[in-house]
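Overview (structure and organization)
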Amino acid sequence: MASVSLVLGLKVIDYVSAYKVILTSIKKEYDAFIETIKKGRKTAFYLHGKLKVLAAEPTALVYHQRRAIQLEAKVRIIENNSTKIQLQIDQMKQMRAEYDKEEVKLCASNRQLWRPIPGMTLQESVSLEALNKYKQHLEDKYIKRKQDLTTEYVSAQKKVELDEEMTVLLKRRDIAESLNRDLQFRHQRMQVISHTLTTWLKHNMRIPFQDVVEIIRNTKAVYVDETIVDELFEDDPSKTKEAIIMLYYIERFNELISNGEYEKAACFAANSPRRILQNIGTMNKFKAVGKIRGKPLPLLLFFEAIFSRSHAFKRPVNADLTLEGIKCGLSEKRLDLVTHWVTQEKLTFSEKAGDVIVAYGEQNTYYKPRCLALAQIIYNECHLHKKALLCLCKQGRIHEAVEHIQQFKDFTSDDLIMLITVCPHIELIKCLTQERYGKPPIFSFVLTVLHVFSADMKKVGIKLLQEVSKGGKDLIEHLVMGDSFCSFEKWQEMANICLQNGFENLFNDIMSVLRSQAGVSEISEDDSFYLMEHVFW
């Protein structure tokens, strides 16, 4: 409204020139009045705000005092906690210092005390997430082992008691068998005597009794086996042949099988003399029975019985039965039994047994680490170091695998290439191609890179190049100087691969090191001016 009146006033002043001075003074007074009103409004607004601030000052002061008290309490709590943590840190430092002193006393040699965590790479060892995951894995493993300890194992004292009880029972069995043989001998001798007397009586006792005995000895005409007549006339029962006892065991075993008493038959076969019933034929009889609903597999009972008695004989269970037993245990998903057999019993291992366990681990990934560990034991027993090394790598035990390679020095370059192809772990390749505890590298880094790119494992090759590029030119020079496997042409091939895959800096570093090793130096642009000067002079 004020702006409209101002415009109208200006128009009136321009139109009426006679009253221009008067109207101009009126307009000035009008403008001053409007400016005074605006200032008054601003002053009133400012004073109103200031009044509100002054009115709120007591309440704000109370709030600030209360907040100050709260912050002081928090500061005291933090200081107390800091004091406690500092005390704990000091105690840990003191304990660590004492531990280091004891460690130095115990380990006076120059052997490296730090060892990596088994199953973890160096990067995982410094990753909190990976360490927490590995800690959870160990806790689960500890809980399972604790459960297995209560369900599958007995205390050493209980084992001693069971061994003593078994020794007593075996002595009782031996006494009973001896008594049984004695009684069988006496029974057969009584049969011969009865037959002799009957023959003598049939002749009305006309001929001398001694002649009748001689006739029986010559004709072997007795009710029992003809081959033991001479022994039956002897007074010493130990001279009877073991064929009678073995025949008894075979007949008794067949009787138990026909009656369906498979558990007793398995124990009878396990305790048979000279292991006459521990063979493939006996195994086939149990296998022919098949599965019985609601009862354990008879074949598994047979293997449990003969494997548990393996320590009672001088020789271990043969390789064929060992292999079939492992197959049977795995087919019944009894890896716990197979683990006990492999680690505790007296068996003859073979390469096929290890292969069967590895195949089971591939089919059941949850049990793969345990299967690889069992297969490693078998391969080591069979001196199959290459397969044992592969099991170590598949378990992630890289450092143990490298120590295995250094211990058994019969690994060729082709073997290491095959190992890298099957297990392309970056940590494994680094351990193979770098110095370890002052020893030269086991394999060439260049050959590894060339093989990886030629075998369509480009991702692994890129990771290797990235690791090398982090070390810069010093690492390249160290690798070239320490490489006794490859010529400069191989290094040039690797440099070309670096250039093809976008590692230009790595390419330049390699070529620079190669030139310096070959006695060739790079010429700058300033020096190139004088390069042909001697020709013109």
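Here the structure is a predicted model, which means the values were calculated and not measured.

**Digging into the overall build of the protein**
Helices and strands together make up the secondary structure of the protein, namely 25 helices and 0 strands. Residue pairs in contact within the protein that sit at least 24 positions apart in sequence constitute 59% of those at least 6 positions apart. Of the roughly 37,300 Å² of accessible surface on the protein, 57% is carried by carbon and sulfur atoms.

**Some details on the side chain of Arg275**
Examined against the element boundaries, Arg275 turns out to sit in the loop between α9 (262-270) and α10 (280-289). Owing to a relative accessible area of 11%, Arg275 belongs among the buried residues under this scheme. What Arg275 contacts, discounting residues up to four positions off in sequence, is Ser310, Phe313, Arg315, Pro316 and Val317.

**Here's the deal with a positive patch on the surface**
Residues Lys38, Lys39, Arg41 and Lys42 make up a contiguous surface patch of positive charge. Structurally, the position occupied by Arg41 is in helix α2 (residues 20-106).

**Focus on unusual backbone geometry**
Note: most peptide bonds trans; most residues except glycine with negative phi. Its identity is not glycine, yet Lys333 carries a phi of approximately 60 degrees, on the positive side. Along the chain, Lys333 falls in the loop between α12 (319-331) and α13 (335-344).

**What about the side chain of Ser310?**
Its location among the elements puts Ser310 in the loop between α11 (298-308) and α12. Here Ser310 falls in the buried class, since its relative accessible area comes to 0%. At 2.8 Å, the side chain of Ser310 and the backbone oxygen of Phe307 are in polar contact. The residues touching Ser310, leaving out its near neighbours within four places in the chain, are Arg275, Arg315, Val317, Glu345 and Lys346.

**Examining helix α15 (residues 368-381)**
The first and last C-alpha atoms of α15 sit 20 Å apart over 14 residues, in line with the 20 Å expected at 1.5 Å per residue. What α15 keeps buried is the set Cys371, Leu372, Leu374, Ala375, Gln376, Ile378 and Tyr379. Tucked into the core, α15 has its buried residues touching α13, α14 (351-363) and α16 (385-394). With its phi angle positive at about 60 degrees, His383 sits one or two positions after the end of α15.

**What about the nonpolar core?**
Ranked by internal contacts, the top residues of the largest apolar core, which has 45 residues, are Leu428, Leu465, Trp491, Met494, Cys498, Leu506 and Ile510. Aside from chain neighbours lying at most four places away, what touches Leu506 is Leu465, Val468, Ser469, Ile476 and Cys498. Listed in part, the 42 residues of the second largest apolar core include Leu297, Val317, Leu335 and Ile357.

**Thoughts on the packing of α16 against helix α18 (residues 413-422)**
The geometry of α16 relative to α18 is characterised by a closest axis approach of 11 Å and an angle of 30 degrees between their N-to-C directions. Viewed along their axes, α16 and α18 adopt a mutual orientation that is roughly parallel. The hand of the α16/α18 crossing is right-handed. Here α16 contributes Lys386, Leu389, Leu390, Cys393 and Lys394 to the contact with α18, which in turn contributes Asp415, Leu419 and Val422.

**Description of α18**
When we look at burial in α18, the residues that qualify are Asp415, Leu416, Ile417, Leu419 and Ile420. Lining the buried residues of α18 we find α16, α17 (398-407), α19 (426-433) and α20 (445-454).

**Brief notes about a nonpolar patch on the surface**
A cluster of nonpolar residues, Tyr19, Val21, Ile22 and Ile26, forms a patch on the protein surface that exposes about 440 Å² of accessible area. Within the secondary structure layout, Ile26 lies in helix α2.

**A few points about the environment of Phe453**
Summarising the element assignment, Phe453 is placed in helix α20. What makes Phe453 buried here is its relative accessible area of 18%. Considering only alpha carbons, one finds Phe453 and Ile497, 44 residues apart in sequence, at a separation of 8.4 Å. When near neighbours in sequence (up to four residues on either side) are disregarded, Phe453 contacts Lys458, Gly461, Ile462, Leu465, Ile497 and Asn501.

**A short note on the packing of aromatic side chains**
Evaluation of the coordinates by the stated rule reveals 6 aromatic pairs. For the ring pair Phe307 and Trp341, a centre distance of 4.8 Å and an interplane angle of 80 degrees mean the geometry is edge-to-face. Placement of the pair is Phe307 in helix α11 and Trp341 in helix α13, with a sequence separation of 34 residues. Accessibility expressed as a relative area gives 2% for Trp341, which makes it buried. Connected via pairs of aromatic rings, a cluster forms that spans Phe253, Phe286, Phe302, Phe303, Phe307 and Trp341.

**Topic: the pattern of salt bridges**
Inspection of the entire model under this criterion finds 14 salt bridges. The shortest N-O distance in the salt bridge between Lys387 and Asp355 comes to 3.0 Å. You can see Lys387 sitting in helix α16 and its partner Asp355 sitting in helix α14, a full 32 residues away along the chain. A salt bridge links Glu400 to Arg397, with the nearest nitrogen and oxygen atoms 2.7 Å apart. Exposure remark for Glu400: the relative accessible area of 30% places this residue in the partly exposed category. One salt-bridge network, held together by shared partners, links Arg173, Asp174 and Glu177.

**Quick notes on the confidence of the model for the protein**
Any segment with low pLDDT has predicted coordinates that should not be analysed in fine detail. Mean pLDDT for the protein: 76, with 80% of residues reaching 70 or above. Below a pLDDT of 50 lies the segment residues 109-113, which in the model reaches 3 contacts outside its immediate sequence neighbourhood of four places, other chains included. Low pLDDT, under 50, characterises residues 231-240; the stretch is placed with 21 contacts to residues that sit more than four places away or in other chains.

**Thoughts on the packing of α14 against α15**
With their axes 8 Å apart at the nearest point, α14 and α15 run at an angle of 170 degrees to one another. On the basis of their axis angle, the class for α14 and α15 is roughly antiparallel. Touching Glu351, Ala353, Gly354, Asp355, Ile357, Val358, Tyr360, Gly361 and Glu362 of α14 are Lys368, Cys371, Leu374, Ala375, Ile378 and Tyr379, all from α15. Taken together, the residues of the contact of α14 with α15 break down into 9 nonpolar, 2 polar and 4 charged.

Each value, and the rule that gives it
Residues numbered from 1 in each chain as written. Predicted model: local features only at pLDDT ≥ 70, side-chain atom pairs only at ≥ 80, totals over all residues. Heavy atoms only, no water. Helix = DSSP H or I, 4+ residues; strand = E, 2+ residues; numbered from the N terminus. Contact = heavy atoms within 4.5 Å. Areas by Shrake-Rupley, 256 points an atom, 1.4 Å probe, with all protein chains shown as cover. Buried < 20%, exposed > 50% of the residue type's maximum accessible area, 1.4 Å probe, protein only. Patch = residues over 30% accessible without salt bridge, like charges linked within 9 Å, V, L, I, M, F, W, Y side chains within 5 Å. Salt bridge = Lys/Arg side-chain N within 4 Å of Asp/Glu carboxyl O. Lys, Arg positive; Asp, Glu negative; His and termini not counted. Charge placed at Lys NZ, Arg CZ, Asp CG, Glu CD. Polar contact = N/O pair within 3.5 Å; in protein donor to acceptor, adjacent residues only side chain to side chain. Expected span 1.5 Å × (residues − 1). Core = buried A, V, L, I, M, F, W, Y, C linked by side-chain atoms within 4.5 Å. Axes fitted to C-alpha atoms, helices over the stretch in contact; angles between N-to-C directions. Parallel < 35°, antiparallel > 145°, perpendicular 65-115°, else oblique. Left-handed = near helix turned anticlockwise from the far one by under 90°. Phe/Tyr/Trp six-rings, centres within 6.5 Å; stacked < 30°, edge-to-face > 60°. pLDDT = per-residue confidence, 0-100. Nonpolar A, V, L, I, M, F, W, Y, C, P; charged D, E, K, R; others polar.

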